[in-house]
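Listed here are the chains, written in short residue letters.
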Amino acid sequence: MAGEPQDDCLFCKIVAGHVPATIVRETETTVAFRDINPQAPTHVLIIPRAHHKDAAALAVADPALAADLLREAQAVADEEKLDSYRVVFNTGAGAGQTVFHTHAHVLGGRGLEWPPG
Ligand code: 5GP
Ligand code: ZN
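Counting from 1, residues in each chain are numbered in the order their sequence is written. Here every chain gets a letter starting at A, and every ligand a number starting at 1, in the order they are written. The model is predicted, so local features are restricted to residues of pLDDT at least 70 and side-chain atom pairs to those at 80 or more, both for listing and for counting; the totals for chains, interfaces and linings are taken over all residues. As a convention, hydrogens and water are excluded, and side-chain values are obtained from all of the structure's heavy atoms.

K.L.:
Which residues make up the coordination of the zinc ion (ligand 2), and what are the values?
P.N.:
Protein-derived ligands of the zinc ion (ligand 2) are Cys9 (SG), Cys12 (SG), His51 (ND1) and His101 (ND1), with the metal-ligand distances lying across 2.1 to 2.3 Å. A donor here means any N, O or S atom no more than 2.8 Å from the metal (3.2 Å for Na, K and Ca); water is not included, so a site may seem to lack partners. Any coordination sphere not matching a tetrahedral pattern (four donors, all angles between 85 and 135 degrees) or a square planar or octahedral pattern (four or six donors, opposite donors over 155 degrees apart, other angles between 65 and 115) is reported as irregular. The site at the zinc ion (ligand 2) holds four donor atoms, and with the angles between them running 106 to 115 degrees, its shape is tetrahedral. Sequence spacing among the residues donating to the zinc ion (ligand 2) works out to C-x2-C-x38-H-x49-H. With His51 in the loop between β3 (42-48) and α2 (55-61) and His101 in the loop between β4 (86-88) and β5 (104-108), this residue pair connects regions lying 50 residues apart in the sequence. Secondary structure elements are defined from DSSP: runs of H or I of at least 4 residues count as helices, runs of E of at least 2 residues count as strands, and each element is numbered from the N terminus.

K.L.:
Help me get a handle on the pairing of β3, residues and values and all.
P.N.:
Among the seven residues of β3, seven are classified as buried, and the element is accordingly described as predominantly covered. Neither face of β3 is exposed, since Thr42, Val44, Ile46 and Pro48 on one face and His43, Leu45 and Ile47 on the opposite face are all buried. For two strands to be treated as a pair, DSSP must find no fewer than two bridges joining them. Of the strand pairs in this sheet, strand β2 (residues 30-34) and β3 are connected by five bridges, and their pairing is antiparallel. By the bridge assignment for β3, Ala32 is matched with Ile46. The pairing of β3 with β5 spans five bridges and is classified as antiparallel. Looking at the pairing, Leu45 lines up with His105 of β5. Buried residues are those whose accessible area, probed at 1.4 Å on protein chains only, stays under 20% of the maximum for their type, while exposed residues exceed 50% and partly exposed ones sit between those limits.

K.L.:
Which residues make up the nonpolar core, and what are the values?
P.N.:
By convention a nonpolar core is built from buried Ala, Val, Leu, Ile, Met, Phe, Trp, Tyr and Cys residues, the set being connected through side-chain atoms within 4.5 Å. Of all hydrophobic cores here, the largest spans 11 residues; its members are Ala32, Val44, Ile46, Leu58, Leu65, Ala66, Leu69, Ala73, Val76, Ala104 and Val106. Mapped onto this core, the elements with two or more residues apiece are β3, α3 (63-79) and β5. Contacts between residues were defined by any pair of non-hydrogen atoms, one from each residue, lying within 4.5 Å. Once residues within four sequence positions are removed from consideration, Val76 is found in contact with Arg25, Ala32, Val44, Ile46 and Val106. Grouped together as the second largest cluster of nonpolar side chains are nine residues, Ile14, Phe33, Leu45 and Ile47 included.

Structure, rendered in structure tokens:
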């Protein structure tokens, strides 16, 4: 069912504390932690505690929770003292999504090219 924890989901395991992560912020509805393979000096992932496979599914199932992720992106940027940053939701394998529990990448701390690859 939408939102329920999935046994085979890495990010559900991080939410449950069964897989360790370097957590930078937590709210009632979200967890933010450092990416294990950072692509910028700041590379933080923000996830909903509830399992939704991607940003599109989350937006349909729980728009308020989708908004929580965006609010947390700014909070992470503030804590990391980023004036500019990029929020990325890779959606679908063809776009590079490898973990199917929606997550916002917050990238900053270096110049970011546009368009991205
Ligand atoms: P995606 O490719 O799905 O958009 O992003 C998944 C991200 O999760 C990747 O940037 C990858 O480095 C990160 N990642 C994969 N496994 C782990 C892990 O066990 N811990 C943490 N902190 N990040 C992970
Ligand atoms: Zn999950």
